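Now for the letters of each chain:
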Amino acid sequence: MFEFRLQAQCPVTGARAGEFVTPHGVIKTPVFMPVGTQATVKAMAPFELEEIGAQIILSNTYHLYLRPGADIVEEAGGLHSFMDWHHPILTDSGGFQVFSLATLNRVTDEGVECQSHIDGSRHMMDPEWSMEVQQKLGSDIAMCFDQCLHYPTTKEEAETALARTTRWARRSKDAHTREDQALFGIIQGSVYEDLRRRSAEDITSIGFPGYGIGGLSVGEPHHIMYEMLDVLQHVMPFDKPRYLMGVGHPSNLVEGVARGVDMFDCVLPTRNGRTGTVFVSTGRINIKNQVYARDFTPLDPSCDCYVCRHFTKAYIRHLYKAGEILAARLCSWHNLHFLIKLMEGVRESILNGTFPAFRKNFIEVFHGEGD
Ligand SMILES: CNc1nc2c(CCNCC3CCCC3)c3nc(N)[nH]c(=O)c3cc2[nH]1
Ligand SMILES: [Zn+2]
């Protein structure tokens, strides 16, 4: 269980194709993981996610602890039963969310004293708390409780947070007892190459079945994110999965794969879906634009998803203008399909040795906007 089988490596770039074995199924990598913060990928039912080809979805410790509460999910038999998703689930540790959502009262080496963004109730969140909650949720992959800093940050702040994250990773591992759940470490170090190396050495020396690359996609320019990945790909164990947290745009996924990343998550496909921004094979469009009022072609003529086979831009634009719920559902559906199919195409190109050409063609078409 939790072994990572490497199936192919690109001889020109750092790209690799593999399989990660979990109790709820084998994850074929590279993989895009839809985000389901509150035990639902917004506006999508599990059977629709299966139809789209989603292999694994994410949920969140911070949110589910606050509402409905970890005990209710545990009494339901865990997240898989509660939300009727019987494939792999990854839960984030709450480290990122507590710093970005809660009212922070005190942050010490012990943990984070905070107030809920929902009802202002006071809580102490720390590695032991995060492990207790994730073990109750019963995800297949849990994440260490870490401290993710915003961007920009001083090197001193980054160094302090890195050392704290290492201590918290040790405490997370000591408090993690569930055998049928993998615990991934998380590497920090902000945008400083030497700190990135140090964090990678610290976290990999503690030893985990997989590793998150944290502290990125927090506002830094993409070339800096890529520089950090260039450093990390040479200091992370090749036989363990690498999960770039919170990424990302189509071009960021392809460029991340080229630098040895195996797993990605991002709220964009569903968040953009709710605002009408749609990924298409030539870039992005916003379906609410007047230009689509009489456009009776699919969102993306080269897409074979349910939405593109049944509806036109004019119809979906009408749904948005009329405030219809179906608008968000259809665009989320197409966006998720787009990213999942993109990763399937990337994986196929690595397996058949054509990834460099795939990458070149994709970046030309998507002109690497990745913003
Ligand atoms: C968007 N950019 C970004 N996201 C980051 C995230 C969150 C990834 N997405 C998790 C899902 C969202 C809701 C359910 C789980 C990060 N998480 C952690 N623990 N540490 C990071 O450094 C960390 C860094 C991140 N950067
Ligand atoms: Zn489509």
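See the structure printed just above.
Cut-offs and rules
Residues numbered from 1 in each chain as written. Chains lettered and ligands numbered in written order. Predicted model: local features only at pLDDT ≥ 70, side-chain atom pairs only at ≥ 80, totals over all residues. Heavy atoms only, no water. Pairing = 2+ DSSP bridges. Helix = DSSP H or I, 4+ residues; strand = E, 2+ residues; numbered from the N terminus. Axes fitted to C-alpha atoms, helices over the stretch in contact; angles between N-to-C directions. Contact = heavy atoms within 4.5 Å. Buried < 20%, exposed > 50% of the residue type's maximum accessible area, 1.4 Å probe, protein only. Phe/Tyr/Trp six-rings, centres within 6.5 Å; stacked < 30°, edge-to-face > 60°. Parallel < 35°, antiparallel > 145°, perpendicular 65-115°, else oblique. Left-handed = near helix turned anticlockwise from the far one by under 90°. Nonpolar A, V, L, I, M, F, W, Y, C, P; charged D, E, K, R; others polar. Donors = N, O, S within 2.8 Å, 3.2 Å for Na, K, Ca; no water. Tetrahedral: all angles 85-135°; square planar, octahedral: opposite > 155°, others 65-115°. Salt bridge = Lys/Arg side-chain N within 4 Å of Asp/Glu carboxyl O. Core = buried A, V, L, I, M, F, W, Y, C linked by side-chain atoms within 4.5 Å.

Asks: I would appreciate a short explanation of the sheet that holds strand β1 (residues 4-9) in the present structure.
Replies: The pairing of strands in a sheet happens through backbone hydrogen bonds and is either parallel or antiparallel. Within the open sheet, the three strands sit side by side as β1-β2-β3. Their pairing is antiparallel. The open sheet has two edge strands with one neighbour each: β1 and β3 (25-29). Ignoring strand direction, the axes of neighbouring strands in this sheet form an average angle of 15 degrees. Summarising the sheet, β1 and strand β2 (residues 16-22) pair through five bridges and their orientation is antiparallel. Bridging from a neighbouring strand, Leu6 pairs with Gly18 of β2. On top of the sheet, helix α14 (residues 325-351) reaches β1, β2 and β3; it is set at about 115 degrees to β2, its chief contact.

Asks: Honestly, the pairing of β2 in this entry has me stumped. Any pointers?
Replies: Looking down a regular strand, the side chains alternate between one sheet face and the other. Of all seven residues in β2, seven are buried, a share of seventy percent or more. The alternating pattern of β2 places Arg16, Gly18, Phe20 and Thr22 on one face and Ala17, Glu19 and Val21 on the opposite face, and all of these are buried. Counting the residues between successive antiparallel strands, the hairpin from β1 to β2 contains six residues. Sheet topology places β2 next to β3; five bridges connect them, and they run antiparallel. Bridge pairing links Gly18 to Thr29 in β3. The antiparallel pairing of β2 with β3 creates a hairpin that spans two residues between the two strands.

Asks: How should I be thinking about the packing of aromatic side chains in this particular structure?
Replies: Centre distance and the angle of the planes are the two values used to describe a pair of aromatic rings. Evaluated as defined, the whole model comprises 13 aromatic pairs. Each ring, one from Phe2 and one from Phe20, has its centre 6.1 Å from the other, and the planes form 35 degrees; the classification is tilted. Of this pair, Phe2 sits in the segment before β1 while Phe20 sits in strand β2, placing them 18 residues apart in sequence. In this structure Phe2 comes out as buried when scored by relative accessible area, which is 11%. A centroid spacing of 5.0 Å and a plane angle of 40 degrees characterise the contact between Tyr306 and Trp333, whose relative ring orientation is tilted. Of the two residues, Tyr306 sits in helix α12 (residues 306-310) while Trp333 sits in helix α14, which places them 27 residues apart along the sequence.

Asks: Quick question: what am I supposed to make of the packing of helix α8 (residues 193-206) against helix α9 (residues 222-232) here?
Replies: Packed helices, taken two at a time, are described by the angle between their axes plus the distance between the axes. In contact at an axis separation of 10 Å, α8 and α9 are set at 45 degrees when each is read in the N-to-C sense. On the basis of the axis angle, α8 is oblique to α9. Viewed along their axes, α8 and α9 form a crossing whose handedness is right-handed. Only Met228, Val231 and Leu232 of α9 make contact with α8, whose side of the interface consists of Glu193, Arg196, Arg197 and Ala200. Looking at the contact of α8 with α9 residue by residue, the class counts come to four nonpolar, no polar and three charged.

Asks: Teacher, can you tell me more about the coordination of the zinc ion (ligand 2) here?
Replies: When a metal carries six donors in an octahedron, the ideal angles between them are 90 or 180 degrees, while four donors in a tetrahedron ideally lie at 109.5 degrees. Here the zinc ion (ligand 2) is held by the protein donor atoms Cys303 (SG), Cys305 (SG), Cys308 (SG) and His334 (ND1), which lie 2.1 to 2.3 Å from it. The coordination sphere of the zinc ion (ligand 2) comprises four donor atoms, whose angles at the metal cover 102 to 117 degrees; the geometry is tetrahedral. Each donor residue of the zinc ion (ligand 2) belongs to the same chain, and together they define the spacing C-x1-C-x2-C-x25-H. Linking Cys305 in the loop between β16 (283-286) and α12 with His334 in helix α14, this pair joins segments that are 29 residues apart in sequence. For the residue pair Cys305 and His334, the accessibility class agrees, reading buried in each case.

Asks: Where do I start with the pattern of salt bridges in this structure?
Replies: Close approach of charged atoms allows side chains of opposite charge to pair. Enumeration over the complete set of coordinates arrives at 24 salt bridges. The salt bridge partner of Glu3 is Arg5, with a shortest N-O separation of 3.5 Å. Judged by its relative accessible area of 34%, Arg5 is partly exposed. Between Asp295 and Lys313 there is a salt bridge; the shortest N-O distance is 3.8 Å. Highlighted residues: Asp295 in the loop between β16 and α12 and Lys313 in helix α13 (residues 313-321), separated in sequence by 18 residues. On the accessibility criterion, Asp295 (19% relative accessible area) is buried. Overall, the relative accessible area of 7% leaves Lys313 in the buried class. Linked through salt bridges whose partners overlap, the residues forming this network are Glu3, Arg5, Glu19 and Lys28.

Asks: How should I be thinking about the nonpolar core in this particular structure?
Replies: The tendency in soluble globular proteins is for nonpolar side chains to be buried as a group. Formed by 90 residues in total, the largest nonpolar core has its most connected members in Phe32, Leu244, Phe264, Ile316 and Phe355. Per-element accounting of this core gives the leading share, twelve residues, to α14. Apart from the residues within four sequence positions on either side, Leu244 is in contact with Ile213, Leu216, Met225, Leu229, Val261, Met263, Phe264 and Asp265. By size, the runner-up hydrophobic cluster in this structure holds 17 residues, among which are Phe20, Met33, Leu90 and Ile186.

Asks: Got a minute to help me understand helix α10 (residues 250-258) in this structure?
Replies: One turn of an α-helix holds 3.6 residues; hence residues three or four places apart share an orientation. The element α10 is largely enclosed, with a buried count of nine among its nine residues. Three or more residues of α10 are buried, namely Pro250, Ser251, Asn252, Leu253, Val254, Glu255, Gly256, Val257 and Ala258. Buried residues in α10 make contact with β4 (31-34), α9, β14 (263-266), β15 (277-280), α14 and α15 (355-366).

Everything listed here is a matter of geometry and, on its own, says nothing about what the molecule does.
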